[in-house]
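# Analysis of the macromolecular model
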Amino acid sequence: MWSAGCGGSAGPVLLGLLLALLVPGGGAAKTGAGLVTCGSVLKLLNTHHRVRLHSHDIKYGSGSGQQSVTGVEALDDANSYWRIRGGSEGGCPRGSPVRCGQAVRLTHVLTGKNLHTHHFPSPLSNNQEVSAFGEDGEGDDLDLWTVRCSGQHWEREAAVRFQHVGTSVFLSVTGEQYGSPIRGQHEVHGMPSANTAQYVEGHGRHLHQA
C-alpha cells in the first residue's frame, strides 16, 4: 500500500518561493558563463529514459516508508523542481558555480525534503531505494551527493552524474514503472553502475553570486 501525506503549511510558502525564482525579476537570472550555481532551482532529465527527477507527498508502501522519488515524462510538473544546496556545513554560497566533485544536497522545492538514499531495497527492481527525507531542507548525512562531471564546474545542459557520498551508488533509472496511484512513473534508485545515471539540467533559473 502507498500512503499520501496530508500536506502542511510549507507547500504554499515553497510554491511562492519557486515562483519568485522562476519569474523575471524574482531574484534569479541566467548566468553568462552557463554554469549551474548554488541556490538555483532546476529540473534534471535522465538522458537514457528521458524522464525528469520527481517527488510528491506520496510515501513508499515498503522499505523505509519515506516520501517516494520517481521519474516522470511530463514537462510542466511543478513537482519536478529541485534546489541545489550545500551540505550542513555550508560550502555552497548562494550564486557560486557548482564544482565538479563537490558534494551537494538536492532539495525538493514543494515538499522541502532532500534527495536521500540508504540500504533499503527499491520497490520494483530491488536496487537501493532513493527517497526524499527531512523537514524544511534539513535531513542528515545521507542527503549528500557528489556531482560527477567533466571539467572544473557543472555546465548547464552538460552531462552530469550524482554519486551518493555515504553509499557510493549512482542516482539511476532503469525503466521499471509503477502502477496505481502513480501509474506510469519510473522507479528511481541507486546502483553501483553509472550506465543509466546520466542527467542534464532540463529547465531552471540560475542565481548570480551576490
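Conventions and cut-offs
- Residues numbered from 1 in each chain as written.
- Predicted model: local features only at pLDDT ≥ 70, side-chain atom pairs only at ≥ 80, totals over all residues.
- Heavy atoms only, no water.
- Core = buried A, V, L, I, M, F, W, Y, C linked by side-chain atoms within 4.5 Å.
- Buried < 20%, exposed > 50% of the residue type's maximum accessible area, 1.4 Å probe, protein only.
- Helix = DSSP H or I, 4+ residues; strand = E, 2+ residues; numbered from the N terminus.
- Contact = heavy atoms within 4.5 Å.
- pLDDT = per-residue confidence, 0-100.
- Salt bridge = Lys/Arg side-chain N within 4 Å of Asp/Glu carboxyl O.
- Disulfide = S-S within 2.5 Å.
- Polar contact = N/O pair within 3.5 Å; in protein donor to acceptor, adjacent residues only side chain to side chain.
- Pairing = 2+ DSSP bridges.

Among the nonpolar cores identified, the biggest contains 29 residues, and Val 69, Leu 115, Trp 154, Phe 162 and Leu 171 are the most heavily contacted of them. Of all elements in the fold, only strand E2 (41-46), strand E3 (51-59), strand E5 (82-85), strand E6 (103-108), strand E8 (128-133), strand E9 (145-148) and strand E11 (170-177) reach the threshold of two or more residues within this core. Residues within four places of Leu 171 in sequence aside, it is in contact with Leu 53, Leu 115, Val 130, Trp 145, Phe 162, Val 188, His 189, Thr 196, Ala 197 and Tyr 199.

Turning to the confidence of the model for the protein chain, a few remarks are in order. Residues at a pLDDT of 70 or more form 80% of the protein chain, whose mean pLDDT is 85. Predicted confidence for residues 6-32 stays below pLDDT 50, and this span has 44 contacts to residues more than four positions away or in other chains.

Moving on, we come to the pattern of salt bridges. In this structure the tally under the stated criterion is four salt bridges. Its salt-bridge partner being Asp 57, residue Lys 59 comes within 3.8 Å of it at the nearest N-O pair. On the basis of relative accessible area, Lys 59 is assigned to the partly exposed category, the value being 29%. In this structure Asp 57 comes out as partly exposed when scored by relative accessible area, which is 27%. Put simply, Lys 113 and Glu 135 hold a salt bridge, and the shortest N to O gap is 2.9 Å. Placement of Lys 113 in the loop between E6 and strand E7 (114-121) and of Glu 135 in the loop between E8 and E9 is noted, with a sequence separation of 22 residues between them. Among the residues examined, Glu 135 registers a relative accessible area of 53% and is labelled exposed. Overlapping salt bridges bring together Arg 85, Arg 105 and Glu 138 as one network.

As a further point, take the state of the cysteines. Within the structure shown, the criterion is met by two disulfides. Covalent S-S linkage joins Cys 38 and Cys 92, the inter-sulfur distance amounting to 1.8 Å. As the torsion about the S-S bond is roughly -95°, the Cys 38-Cys 92 disulfide counts as left-handed. In this pair, Cys 38 sits in the loop between helix H1 (10-22) and E2 while Cys 92 sits in the loop between E5 and E6, placing the two residues 54 residues apart along the sequence. One exposure class covers both Cys 38 and Cys 92, and it is buried.

This next bit is on the side chain of His 164. Inspection of the secondary structure puts His 164 in strand E10 (residues 161-164). A polar contact of 2.8 Å, which involves the side chain of His 164, links it to the backbone oxygen of Leu 142.

The element strand E4 (residues 67-72) is largely enclosed, with a buried count of six among its six residues. Both faces of E4 are covered, namely the face carrying Gln 67, Val 69 and Gly 71 and the face carrying Ser 68, Thr 70 and Val 72. Judged from the five bridges that link them, E3 and E4 form a sheet pairing that is antiparallel. Bridge assignment links Leu 53 to a residue of E4, and that residue is Gly 71. With two bridges joining them, E4 and E8 adopt antiparallel strand pairing. The partner of Ser 68 across the bridge, within E8, is Ser 131. In this sheet, strand E12 (residues 186-191) lies alongside E4 in antiparallel orientation, the contact comprising two bridges. If you follow Thr 70 over to E12, its bridge partner there is Glu 187.

Take the environment of Asn 46 next. Checked against the element boundaries, Asn 46 lands in strand E2. The spatial distance from the C-alpha of Asn 46 to the C-alpha of Tyr 199 is 4.4 Å, given a sequence separation of 153 residues. Beyond its immediate sequence surroundings of up to four residues, Asn 46 is in contact with Val 51, Val 173, Thr 196, Gln 198 and Tyr 199. From its side chain, Asn 46 meets the backbone nitrogen of His 48 in a polar contact 3.0 Å long.

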